[in-house]
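For reference, the chains in residue letters:
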Amino acid sequence: MNIKEFTARAAEEVLEYLPDDLRERVSVEETEVMKVNDQILHGLAFHRGDEPAPTFYLDDLFKLFQDGACIGDLLRGMAEAYTESYATADFGTGACPEADSGVPFPVEIPDLSYRNVIRKVGVRLLGKDFNNQFLKIVPFRDVGNGYALIADAQIGASDGGVFSTVITNKMAEEYAYDMDVIFDRALDNAWRTNAAVFMPAEEVMSGGDWPEGEASCWLLTTNRPRCGAAALFYPGTQTMIADVLDEDYFAIPSSLHEFIIVRAGVVGDPAHLCRLVREANRTIVCPEDLLSDNLLYYSKSTGALSLVLPEEDDADFAG
């Protein structure tokens, strides 16, 4: 059984596990959702009248099924989660966005009005080559060298947690977002809302204390390291790194969550570094965590970030 067959079976059987009174009022629809790095998530949308339909993703459940879990137990758990969350739901009105919290989607729909979203919005960094399809459905800001920023709405939930969702073209249109203002505000507030963290390989130094020393390899991420690679494009970060190192540097796209920063003086063959990045992306980094194949170089004298081009004979790593 593949994921599509598992999803179809789940759609047919999950209603059996709902209470009788709820089963009669709910319908289930199979859905596929495009995510970062053109990853497709498979889910079930639970419809009840005109109310927004929460989506429960099945990909993790399918992995449990492949590992031997009983599909009946998995569907019973999903039905119970939906029933419990529905009992306290405050659906509100408007579009039901796709949250990034996995399974299940929180039924309570947050306030996604422009006035509310712009107060706490962040950014994530993506590699354009790995997101040909995804970037068709989300607003983005091109930051050069094959990279783009997308906007991340971070809204407080009633349970004290944080609801986080990528802003899509559909959301931007429905709620009349001014995306230029949203991106500007997100970058202006980046250091305050999710500060960059720059640490040598052998130390952990974060917050506003920028380290000094002769370490050759450093890690750049954020206080909340999920999607921390965006820190390289926070205002002033690139210059600050050069000031700490007091020389040029390479920025290696380790994953969506961090860059590895290497002093230029210790890199003898940049083309070899390009090969290592590409090989790691195809053999080590999880598909959902891929950032880019594009190795970057920062010049302290010019203050410019540029793309390091691989040698022509590295074409075997492309794709």
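Small disclaimer: the values here were computed from a predicted structure and weren't measured.

Rules used throughout
Throughout this description, residue numbers start from 1 for each chain and increase along the sequence as written. Where local features are concerned, this predicted model is filtered to residues with pLDDT of at least 70; where side-chain atom pairs are given and counted, the filter is 80 or more; whole-chain, interface and lining totals use all residues. The basis for every side-chain value is the complete set of non-hydrogen atoms in the structure, without hydrogens or water. The secondary structure listing takes helices from DSSP runs of H or I that are at least 4 residues long and strands from runs of E that are at least 2 residues long, numbered from the N terminus. Only protein chains enter the accessibility calculation, which uses a 1.4 Å probe; a residue is then buried when its area is under 20% of its type maximum, exposed when over 50%, and partly exposed in between. Any two residues having at least one pair of non-hydrogen atoms within 4.5 Å are treated as being in contact. All accessible-area figures derive from a Shrake-Rupley calculation using a 1.4 Å probe, and residue coverage is judged against the displayed protein chains alone. Directions from the helix axis toward the C-beta atoms define the arc. Counted as a polar contact is a pair of N or O atoms within 3.5 Å, where, for protein atoms, one must be capable of donating a hydrogen and the other of accepting one, and residues adjacent in sequence contribute only when both atoms are in side chains. We call Phe, Tyr and Trp rings a pair once their centres come within 6.5 Å, taking the six-membered ring for Trp, and we label the pair stacked below 30 degrees between planes, edge-to-face above 60, and tilted otherwise. Paired strands are those between which DSSP finds at least two bridges. Between N-to-C directions, angles cover 0 to 180 degrees, with each direction set by a line fitted to C-alpha atoms, over the stretch in contact for helices.

**Q** What is the right way to read the overall build of the protein chain from this model?
**A** Within the protein chain one finds 10 helices and 13 strands. Within the protein chain, buried positions represent 47% of all 319 residues. Taking the intrachain contacts of the protein chain between residues at least 6 apart in sequence as the baseline, contacts between residues at least 24 apart amount to 61%. A total accessible area of about 15400 Å² is found for the protein chain, and carbon and sulfur atoms account for 49% of it.

**Q** Looking at this structure, how should I read helix α7 (residues 179-188)?
**A** An α-helical turn contains 3.6 residues, so a residue and the one three or four places further along point in the same direction. Among the residues of α7, those classed as buried are Met179, Ile182, Phe183, Ala186 and Leu187. The buried residues of α7 occupy an angular sector of 125° when the element is viewed end-on, so they sit on one face. Seen from the open side of α7, the exposed residues pointing more than 90 degrees away from its buried face are Asp180 and Asp188. Near the N-terminus of α7, the side chain that reaches the backbone nitrogen of Asp180, with its oxygen 3.2 Å away, is that of Asp178.

**Q** So what exactly am I meant to see when it comes to the environment of Asp246 here?
**A** Note on placement: Asp246 falls in the loop between α9 (237-245) and β10 (249-255). Residue Asp246 is classed as exposed on the basis of its relative accessible area, which comes to 56%.

**Q** I tried to follow the packing of aromatic side chains on my own but got confused; where do I start?
**A** Per the counting criterion, the structure on display carries 14 aromatic pairs. A ring pair is formed by Tyr249 and Tyr298, whose centres lie 5.0 Å apart and whose planes are at 15°; its orientation type is stacked. Here Tyr298 lies in strand β12 (residues 296-299) and Tyr249 lies in strand β10, a separation of 49 residues in the sequence. With centroids separated by 4.9 Å and ring planes inclined at 65°, the aromatic side chains of Phe250 and Tyr297 adopt a geometry described as edge-to-face.

**Q** Could you clarify how one ought to interpret the side chain of Ser255 in this entry?
**A** Relative to the assigned elements, Ser255 resides in strand β10. Judged by its relative accessible area of 6%, Ser255 falls in the buried class. When residues no more than four places from it in sequence are discounted, the contact partners of Ser255 are Ala229, Asp289 and Leu291.

**Q** In this structure, what is going on with the sheet that holds strand β3 (residues 55-57)? I would like to understand it.
**A** Within a sheet, neighbouring strands are paired by backbone hydrogen bonds and run either parallel or antiparallel to one another. Overall, antiparallel pairing links the 3 strands, which are arranged β1-β2-β3 in an open sheet. A single partner strand is all that each edge strand has here, and the edge strands are β1 (27-35) and β3. Sheet twist, expressed as the average angle between the axes of neighbouring strands with direction ignored, equals 35°. Running over the sheet, helix α1 (residues 3-13) touches β1 and β2 (39-47) and is turned about 5° from β2.

No statement about biological role is implied by the geometric values presented.
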